[in-house]
Every structure is written in C-alpha cells, then in structure tokens.
Amino acid sequence: MRRPIVIAGGGIGGLSAALALARVGLRSIVLERRAEPAEAGAGIQLTPNAGKALAWLGISAAAVDAVSVHPERLDIRSDRSGRRLATMLLGASAAERFGAPYRTLHRADLQQLLLAAVRRIPDIDLRLGTELAAVQREADGASLATVSGGRPREIRTDILVAADGVRSTARQAIPGARDAVFTGRVAWRAVVPIAAAPAPSDSIGIWLGGSGHIVHYPVRGGRELNIVAIVREPPEARPADATNFLSHFSSWSPSAKAILAPPSAWTRSPIMTLDPNGAWTGGPVALLGDAAHTVPPYLAQGAAFAMEDAVTLATSLARRPDDLSAALEDYRTARFHRTRRLSAAATQAGRIYHMGRATSWTRNLALTIAGPLLLHRYDWIYRWQPPG
Ligand SMILES: Cc1cc2nc3c(=O)[nH]c(=O)nc-3n(C[C@H](O)[C@H](O)[C@H](O)COP(=O)(O)OP(=O)(O)OC[C@H]3O[C@@H](n4cnc5c(N)ncnc54)[C@H](O)[C@@H]3O)c2cc1C
C-alpha cells in the first residue's frame, strides 16, 4: 500500500478503525466533518466484547474503568406493576465468564479516550472540520472530494473506509449497498444527576411495555444516570414532542414515571435499521459500523460491533498487504454472519420488548422462568475474541 488509508467519519467506528490500522502498522487520515467530535449527551453500555476490542486497540482496561461503572446486575421490570421479572447478574461474574467487564459510561468519556489515543499516534492524521463530499472510484484506488472551511480539496487513496454513520455519503460508491430505513420508533435520551433520579447507581434497569420501553443505567462513576425511553413516533421531530412523549407512559407504574420525571431536556433520535445483506465493499471502498449495518439498539451492540469491525478490517489488511480487494472481501466475510445474526436478534428483542397486553404475559412468564440464565443467551455476542 502506497498511500495512507482514508477513513470517513471520526465517530466511535472511525476512531477505532484508525487505532486498529495503526496497530498493524498502517497509516490513516481520518476525515470528520464536525469541528470537535462531540458525542450526544447520553450514555453507552460497553458489553464485554467491546471491552476486549478496546483493549486490542491499545486502550487499557484501567483507563476505561476510570470513567466507567461496572453494574452489579440488570433488572427487567414490567410497565404497569413495576414487578421485577428477571435479574441478570453482571459485575464480577460477567467479567469472569466473558473475559471483560460489562461497563456503562458517558459517550463523551468514551470519545475522549479514543481521541486521546488517536492523538498520541503520529501515523494517524486526524482532520476535524473536513467533510467527505464525493467519492470517485479509480483503477488503483479512489479520488475523494473533501471540503474544509469552505475550501474544496482532492485526496487520492488506495482504500476508503466509510465509517460515516447511518446516512453514509461514501455508501453511494458501492453498487448494491442498501440504505437505512426508519423502524417506526424513536429514542428519547437524557442524563441527570443520580441524586435527582429514583434509580439505583449500581445497576441497569429495563422496563418493558406495549407502548415502549425504558432503559436506565449509571454513568460518570455513578454520579449521573442515563435514561433512554423508546416509543413509537414519526421520525421527524415536532416542537411539542418533548413534553408529549411522556404521555406514552401515563399508565405505567409510578416508579417508572418517576424515573422519567427529572430531565428538563431530552435529545431525540429516530431508530434506524440497515439490512446487512446489502454490499459492504466495492472496489477500494469498505463500509464499517453503522454505515454497514445499523442495528436497532435493543441489545446495546452498535458501537461494540463497529469496534469489532475495526479490529477485523485491520487484521484482514495486515494478512493480505498485496491484495487489497481480497483483504476487503475477507473482512466482509469474517463479519457478515455475526452481523446478520445480531441484526435478527436485535429485531426479535424489539418485538419481545414491545409485546402488547394480550401476549406480554407469556413473555413475562418466560423471563421469570429463565431468570439469571437469560444472560447465557448472549454468550455468542459477549464471548467474541479479537485475534491473538
Ligand atoms: C438510543 C441508542 C442507544 C444506543 N446504545 C448503545 C449501547 O449501549 N451500546 C452500543 O454498543 N451501541 C449503542 N448504540 C449504537 C451506537 O451508538 C452506534 O452504533 C455507534 O455510535 C455507531 O458508530 P459509527 O462510528 O459507526 O457511526 P457514528 O457514530 O454515526 O459516526 C459517524 C461519524 O461520521 C461523521 N460523518 C458523517 N458523514 C460524514 C462525511 N460526509 N464526512 C466526514 N465525516 C462524516 C459524523 O459526524 C460522525 O462523527 C445506540 C444507539 C442508539 C440510537
């Protein structure tokens, strides 16, 4: 490879890709259109597979732990009664079972860890405030039109890694790539001081109901609580939504409603899905993270899978430095089945979470019987190992 690999997007996927490429000795340029890549004011669950990917990328467990919580358990509750249906033990037992802890943290803290690591590596050229505007495939790579501070520029590269998210620009350069579609649901998110919220600082809570579901967990060392409420709404925001969306929960138990009461400001994100069966690679372009496979967030895996993609892409390129298109095909093959399985599992989880009154009793019974063994259903996700 003669020229640095260009990565479009400096989100979790793009920064992870840059770190992974550096680890196998490959130079990269990261184009990020935002002047300062600031993650939304929200938390993120970093499941054990994500922790193992981060370690492979060179981010020490101690550094991640310094900004994370290791929740002791995950409690699943029913909407109206507030009854606890099942508890999955996390904490030390999950860390032992999966080889890394189950963590929760603030997205901004994760972004800072990745950015700091990127900035320490001279082989990574991070270009903030630079947008990828168009991609032209060529016989020996790609020509990229970029815009920075209003000034157009051209960059030529052997490989473009498109980590530019669910509305990827670079995806247009791949024949057979699909576009993301709206799932019919919207996520409302907020972070509040833990003292203001009637929720535990040592565990994850999930509340299930026909009109939506609520997830909450501690971030910032347990000082703040991240709250996510998923409801069925149109994709576009309307001015009154922020107050109206609480009406979806009017028949829920007082304990559930009390968790939604403290936030004074919410952010709103339509939940999208992108069928992973479309093409992910075309000539010198490879999709990564949400650009390749946006998965509804019901199993908390989008960022984890973007990191796994990054590790796999870098190792594929390192194995076949003289045949880049074969290396990109190896990457897609290595990731495809796992990603397709995740996409199906997340879609099914959404159906189970949002069962209506007529059928939810069967779900509640099944959850109560399965109890702590529920976690074992996700062995195939959490036991993922990066290459040695
Ligand atoms: C409600 C919700 C909760 C979630 N919870 C979890 C969770 O707990 N755990 C988990 O693992 N995942 C979770 N996810 C999923 C996770 O947030 C995403 O999968 C992940 O952030 C995708 O990262 P990415 O880098 O692929 O894309 P993005 O984060 O979208 O990053 C893309 C980057 O590319 C930049 N960009 C876009 N276009 C261009 C361009 N043309 N030129 C230059 N730059 C460009 C953008 O500015 C952005 O910085 C959740 C998602 C949602 C919606």
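These figures come from a predicted structure and were not determined experimentally.

The rules behind each value
Residues numbered from 1 in each chain as written. Predicted model: local features only at pLDDT ≥ 70, side-chain atom pairs only at ≥ 80, totals over all residues. Heavy atoms only, no water. Near = heavy atom within 4 Å. Polar contact = N/O pair within 3.5 Å; in protein donor to acceptor, adjacent residues only side chain to side chain. Helix = DSSP H or I, 4+ residues; strand = E, 2+ residues; numbered from the N terminus. Core = buried A, V, L, I, M, F, W, Y, C linked by side-chain atoms within 4.5 Å. Buried < 20%, exposed > 50% of the residue type's maximum accessible area, 1.4 Å probe, protein only. Contact = heavy atoms within 4.5 Å. Patch = residues over 30% accessible without salt bridge, like charges linked within 9 Å, V, L, I, M, F, W, Y side chains within 5 Å. Areas by Shrake-Rupley, 256 points an atom, 1.4 Å probe, with all protein chains shown as cover. Salt bridge = Lys/Arg side-chain N within 4 Å of Asp/Glu carboxyl O. Axes fitted to C-alpha atoms, helices over the stretch in contact; angles between N-to-C directions. Parallel < 35°, antiparallel > 145°, perpendicular 65-115°, else oblique. Left-handed = near helix turned anticlockwise from the far one by under 90°.

1. Topic: the site of the ligand
At step 1: Taken together, 28 residues are adjacent to the ligand, and Gly13, Glu32, Arg34, Gln45 and Asp290 come closest.
At step 2: Between an oxygen atom of the ligand and a main-chain N or O atom of Ile12, the distance comes to 3.4 Å.
At step 3: Here Gly13 contributes a backbone N or O atom positioned 2.8 Å from an oxygen atom of the ligand.
At step 4: Sorting the residues of the shell around the ligand by element identifies α1 (12-23), β2 (28-32), β3 (43-46), β9 (130-138), β13 (181-193) and α9 (302-319) as the ones contributing at least two each.

2. Details of the nonpolar core
At step 1: Residues Leu54, Leu110, Val135, Leu160 and Leu317 are the most contacted members of the largest nonpolar core, which totals 66 residues.
At step 2: Beyond its immediate sequence surroundings of up to four residues, Val135 is in contact with Ala142, Ser143, Leu144, Leu160, Ala170, Ala173 and Val285.
At step 3: Ranked by size, the runner-up nonpolar core spans 35 residues in total, among them Ala94, Ala187, Val215 and Ala345.

3. Quick notes on a nonpolar patch on the surface
At step 1: Taken together, the side chains of Trp361, Leu365 and Ile369 present a nonpolar region at the surface, about 390 Å² in accessible area.
At step 2: Tracing the backbone through its elements, the reader meets Ile369 in helix α11 (residues 357-370).
At step 3: Given a relative accessible area of 69%, Ile369 falls into the exposed group.

4. Side note on helix α2 (residues 48-56)
At step 1: For α2, the tally of buried residues reaches 8 of 9 residues, placing the bulk of the element in the interior.
At step 2: Among the residues of α2, Pro48, Asn49, Ala50, Gly51, Lys52, Ala53, Leu54 and Trp56 are the ones counted as buried.
At step 3: Following α2 by one or two positions, Gly58 adopts a phi angle in the positive range, close to 100 degrees.

5. Focus: the environment of Gly278
At step 1: Among the secondary structure elements, Gly278 is positioned in the loop between β17 (267-273) and β18 (281-282).
At step 2: A residue is classified by how much of its surface remains accessible, and Gly278, at 6% relative accessible area, is buried.
At step 3: Separated by 102 residues in the primary sequence, Gly278 and Gly176 have C-alpha atoms spaced 5.9 Å apart.

6. Re the packing of α2 against α9
At step 1: Here α2 crosses α9 at 40 degrees, and the two axes come no closer than 9 Å. In terms of their interaxial angle, α2 and α9 are classed as oblique. For the crossing formed where α2 meets α9, the hand is left-handed. Contact residues: Asn49, Ala50, Ala53, Leu54 and Trp56 in α2; Ala304, Phe305, Met307, Glu308, Val311 and Thr315 in α9.

7. A word on the pattern of salt bridges
Two side chains carrying opposite charge are able to pair once their charged atoms lie near each other.
At step 1: The final tally for this structure, using the stated rule, is 26 salt bridges.
At step 2: For Arg103, the salt bridge goes to Asp65, with nearest N and O atoms at 2.8 Å. Placement of the pair is Arg103 in strand β7 (residues 103-106) and Asp65 in helix α3 (residues 61-65), with a sequence separation of 38 residues.
At step 3: Of the residues examined, Arg103 reaches a relative accessible area of 3% and is grouped as buried.

By themselves, these are just geometric observations and shouldn't be taken as functional.
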